[in-house]
Amino acid sequence: MEAGTMNAFISIPDMDPAMDPKGGPRICRKLGSGARVNRAPVVERGNGEAAAMKILSVTSEIFPLVKTGGLADVTGSLPKAMESFGVETTSLIPGYPKVMDMLGNATPLAVFEDLLGVRASLIHARIDGLNLFVLDAPELYNRPGGPYVDGTGRDHHDNWRRFAALSRAGAEIAMGLLPGWTPDIVHTHDWQSAMTSVYMREMGCRTPVVITIHNIAFQGQFSADLLPALGLPPSLYSTSSLEYFGDISFLKGGLQTADAITTVSPTYAREVLTPRFGMGLDGVLNERVSVLKGIVNGIDLDIWDPAIDPHVPRNYDVNALRRKRENRSILLEKFGLDAPGRGPVVSAVSRLTWQKGFDMFASTADEVIHNDGRVIVFGQGDRDIEQALLATAARYPGRMAVHIGYDEPTAHLIHAGSDAIVQPSRFEPCGLTQLYALRYGTVPVVSRTGGLSETIIDANDAAMSARVATGFQFHPVTTDGLRLALRRAIHAFEDPKMWARLQNQGMKAKFSWERSAQQYAVVYADLLRKAGRTVRSTSLAL
Ligand SMILES: Nc1ncnc2c1ncn2[C@@H]1O[C@H](COP(=O)(O)OP(=O)(O)O[C@H]2O[C@H](CO)[C@@H](O)[C@H](O)[C@H]2O)[C@@H](O)[C@H]1O
């Protein structure tokens, strides 16, 4: 590292004893309703001592504390799912105002006098079952706006520093900043924490790192002039490191220095190897294809369950779909729409962006209206797409409502009260909305791309007669393709028996974390084995 760039920490009060599990196999508490009791995978340390596997997850969002999209859902639910495989995760997150408000007067574990030019401290907290290290750096995080943008929707001018500092703090923890708590594996997510492994390697830390690509469209591209301010040597401006079309890319740095790369579905793992989906990073990923793997996201069945969801006015399950219809009326009323007609209520809950394809829905929603259906769009995103959708809605008062906003309870109500959900993404690494829809008996109409293609089974004749269909897919991803898929869904809705079968099959589809969490556990264990650490387990087929 360059002289003067190491951070000095001035105090490390005693760690919370709960953070320092003593060695030996532990019995882990069961998760969810299944009666499973797993033994922890046990990592043999050099001195013959054994301890449960410890993961440091570094992330810019985590549900329920900070969420702008699916990343938070995954980083919030994966740690709980991993517990049932005996893997303990602690997540390092920025101390945004909302997070700091929940902490009260916690004593810092460590204080950085100069973390990329700012003073910061590290606080341990346990909130909503999540183990957290919170990076309290008021200069970086205590400001109005969201995690990435200011009140006017513009990127915070210093996002490079905000997320490099997060990554740098993660690297310090991996290096052994906190006596009594050193991770066996570091897990980073997207560009915001991708620099963790860059800093770790520069500091000589060989702890294995997994990086998960949730969305390769966001890459953390900044001027190469920032390298000194990032505390990194000029030599990292090279094609085999951070250099990216004349700039530097945080995500590229992470992809070059992590030991394993995962994406959130096997299809997307194949897609990112192509120029069309790789968005400039396909070359890097092709070079690293031997460590690339797709693991489909799971969903938190405790949070997304129409039978107990507090945001659903009439709770229901697969055996009481009649009650779902009551939610439909409540939903239409909330959005100021006329009572249901002959056609379906087709909704969208999404970022309204080119990725998500809602420009195409602006010109096809009339298909639903002309068949006496209702349309609800709830989300926010690109101004042009918002305007196009609002203009369409203005032509159909009482039939179509577009609300620009972001609100978790409303998202749940829409899933419960709609007949169908539309997700016409141009690319979709995994997609969670369609999974939530399935669980709520709401039939997804989706493009055939990425995770959408492997989580929804198109209602073609073969799939219907085999009783496995769960939704409607279209390809190629064009306005005509979407219109045709909407037409097919509207037609199916006219046959109540067929529709009920689709709902039934969707509600029974299995998208819990169990299988995917096991795949992550295998990735972790493989890395430890490659690093020469012995992993023993009775819960994993390792
Ligand atoms: N207006 C609104 N109000 C309330 N909630 C809203 C909302 N708009 C969207 N949401 C919520 O945000 C989440 C969106 O998650 P997705 O996975 O569908 O897409 P996203 O592009 O954010 O995630 C990226 O990361 C995830 C996680 O890996 C991948 O599944 C995905 O393909 C990738 O693009 C859902 O929980 C949805 O309910």
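Nothing here was measured: the structure is a model prediction, and the numbers come from that model.

## Observations regarding the overall build of the chain
For the chain, the count of helices and strands is 20 helices and 21 strands. A total of 542 residues make up the chain; the buried ones form 60% of that total. Sequence separation of 24 or more characterises 71% of the internal contacts of the chain that already satisfy a separation of 6 or more. Within the structure as shown, the chain displays about 21,000 Å² of accessible surface, and the carbon and sulfur contribution to it stands at 51%.

## Side note on the site of the ligand
In the vicinity of the ligand, 28 residues are found, and the nearest of them are Lys67, Asp73, His214, Arg351 and Glu428. Between the ligand and Gly70, the relevant distance is 2.8 Å, taken from an oxygen atom to a main-chain nitrogen or oxygen of the residue. For the ligand, an oxygen atom lies 2.9 Å from a polar atom in the side chain of Asn297. Relative to its unbound accessible area of 710 Å², the ligand is 97% covered by the protein chains. Elements represented by at least two residues in the shell around the ligand include exactly α1 (70–83), β15 (345–352), β16 (374–381) and α15 (433–439). No other element matches the four residues that α1 contributes to the shell around the ligand. Here the shell around the ligand is composed, by residue class, of 11 nonpolar, 11 polar and six charged. Among the domains, domain 1 (51–298 + 516–531) and domain 2 (321–509) are the pair contributing at least three residues each to the shell around the ligand.

## Regarding the packing of helix α4 (residues 159–174) against helix α5 (residues 190–202)
Taken N-terminus to C-terminus, the directions of α4 and α5 make an angle of 45°; their axes are 7 Å apart at the nearest point. For the element pair α4 / α5, the angle class is oblique. In the crossing of α4 with α5, the sense of the turn from one axis to the other is right-handed. Of the residues in α5, those in contact with Asn159, Phe163, Ala164, Leu166, Ser167, Arg168, Gly170, Ala171 and Ala174 of α4 are Trp191, Gln192, Ser193, Ala194, Met195, Thr196, Tyr199 and Met200. When grouped by side-chain class, the residues that make up the contact of α4 with α5 number 10 nonpolar, six polar and one charged.

## Concerning the domain arrangement of the chain
One frequent convention defines the size of an interface as the accessible area lost when the parts assemble. On domain assignment, one finds that the chain holds domain 1 (51–298 + 516–531) and domain 2 (321–509). Computed from C-alpha coordinates alone, the two centres of domain 1 and domain 2 are separated by 33 Å. Carbon and sulfur atoms make up 56% of the area that domain 1 and domain 2 hide from each other, which totals about 1,400 Å². Along the contact surface separating domain 1 from domain 2 lie one salt bridge. The residue Lys67 makes a salt bridge to Glu408 at a minimum N-O spacing of 3.2 Å. Seen at the junction of domain 1 and domain 2, the total is eight residue pairs in polar contact (both at pLDDT 80 or more). Listing elements by their share of the side of domain 1 that touches domain 2, those giving two or more residues are α1 and α7 (266–271).

## Quick word on the UniProt feature "domain: Glycosyl transferase family" (unreviewed entry) in the chain
The feature "domain: Glycosyl transferase family" (unreviewed entry), as annotated in UniProt, sits at residues 335–498 in this numbering. Taken as a whole, residues 335–498 contains 41% helix and 20% strand, while its terminal C-alpha atoms sit 28 Å from one another.

## With respect to the environment of Ser516
Structurally, Ser516 can be placed in helix α20 (residues 514–530). Along the backbone, Ser516 and Ala81 are 435 residues apart, and their C-alpha atoms lie at a distance of 9.0 Å. In this structure the side chain of Ser516 is engaged in a polar contact, spanning 2.6 Å, whose partner is the backbone oxygen of Val296.

## Comments concerning the pairing of β15
Of all eight residues making up β15, seven are buried, and the element is well covered by its neighbours. Two elements, β15 and β16, share eight bridges in a ladder whose sense is parallel. Within β16, the residue paired with Ser347 across the bridge is Ile376. Both β15 and strand β18 (residues 420–423) contribute to a ladder of two bridges, which runs parallel.

## Description of the packing of aromatic side chains
A full pass over the atoms with the stated rule returns 14 aromatic pairs. When the ring of Tyr148 is compared with that of Phe163, the centres are 5.7 Å apart and the planes differ by 50°; the resulting orientation is tilted. Here Phe163 lies in helix α4 and Tyr148 lies in the loop between α3 (138–141) and α4, a separation of 15 residues in the sequence. When the ring of Phe358 is compared with that of Phe361, the centres are 6.1 Å apart and the planes differ by 85°; the resulting orientation is edge-to-face. Residue Phe358 and its partner Phe361 are both found in helix α11 (residues 358–362); the two are separated by three residues, about one turn of the helix.

## Topic: the packing of helix α10 (residues 321–334) against helix α14 (residues 408–417)
At their nearest, the axes of α10 and α14 sit 7 Å apart, and the two run at 130° to each other. When the interaxial angle is binned, α10 and α14 end up oblique. The chirality of how α10 crosses α14 is left-handed. Each of Lys324, Asn327, Arg328, Leu331 and Lys334 in α10 lies in contact with α14, whose residues at this interface are Thr410, Leu413, Ile414, His415, Ala416 and Gly417. Residue composition of the contact of α10 with α14, by class: four nonpolar, four polar and three charged.

## What about the confidence of the model for the chain?
Detail in the predicted coordinates should be disregarded across regions flagged by low pLDDT. The predicted model of the chain averages 90 in pLDDT, with 89% of residues at 70 or higher. Long-range and interchain partners of residues 1–40, a stretch whose pLDDT sits below 50, account for 96 contacts in this model, where long-range means more than four residues apart. Among the prediction metrics, the complex's ipTM stands at 0.99, with pTM recorded as 0.91.

## Comments concerning the side chain of Ser418
Tracing the sequence through the fold places Ser418 in the loop between α14 and β18. Judged by its relative accessible area of 0%, Ser418 is buried. In this structure Ser418 touches Lys324, Leu331, Val345, Ser347 and Thr442, once residues within four positions along its chain are discounted.

## A closer look at the nonpolar core
Formed by 81 residues in total, the largest nonpolar core has its most connected members in Leu92 and Leu135. At nine residues, α4 tops the list of elements feeding residues into this core. Discounting chain neighbours no more than four positions away, the residues touching Leu92 are Leu56, Ser57, Val58, Thr59, Leu122, Phe133, Leu135, Leu166, Ala169, Gly170 and Ile173.

## Describing the UniProt feature "binding site: ADP-alpha-D-glucose" (unreviewed entry) in the chain
In this structure's numbering, the residues bearing the UniProt feature "binding site: ADP-alpha-D-glucose" (unreviewed entry) are Lys67. Its place among the elements puts Lys67 in the loop between β3 (54–58) and α1. Within the local environment of Lys67, its side chain forms a polar contact with the side chain of Asp73, the two groups lying 2.9 Å apart.

## Here's the deal with the side chain of Thr89
As for its position among the elements, Thr89 is in strand β4 (residues 88–94). Note on Thr89: relative accessible area 10%, which makes it buried. The contact partners of Thr89, leaving out residues within four places of it in the chain, are Ile55, Ser57, Pro79, Met82 and Asn131.

How each quantity is defined
Residues numbered from 1 in each chain as written. Predicted model: local features only at pLDDT ≥ 70, side-chain atom pairs only at ≥ 80, totals over all residues. Heavy atoms only, no water. Helix = DSSP H or I, 4+ residues; strand = E, 2+ residues; numbered from the N terminus. Buried < 20%, exposed > 50% of the residue type's maximum accessible area, 1.4 Å probe, protein only. Contact = heavy atoms within 4.5 Å. Areas by Shrake-Rupley, 256 points an atom, 1.4 Å probe, with all protein chains shown as cover. Near = heavy atom within 4 Å. Polar contact = N/O pair within 3.5 Å; in protein donor to acceptor, adjacent residues only side chain to side chain. Nonpolar A, V, L, I, M, F, W, Y, C, P; charged D, E, K, R; others polar. Domains from an automatic or database assignment. Axes fitted to C-alpha atoms, helices over the stretch in contact; angles between N-to-C directions. Parallel < 35°, antiparallel > 145°, perpendicular 65-115°, else oblique. Left-handed = near helix turned anticlockwise from the far one by under 90°. Buried area = accessible area lost by both parts, 1.4 Å probe. Salt bridge = Lys/Arg side-chain N within 4 Å of Asp/Glu carboxyl O. UniProt positions renumbered as here; feature names shortened; annotations may be inferred. Pairing = 2+ DSSP bridges. Phe/Tyr/Trp six-rings, centres within 6.5 Å; stacked < 30°, edge-to-face > 60°. pLDDT = per-residue confidence, 0-100. Core = buried A, V, L, I, M, F, W, Y, C linked by side-chain atoms within 4.5 Å.

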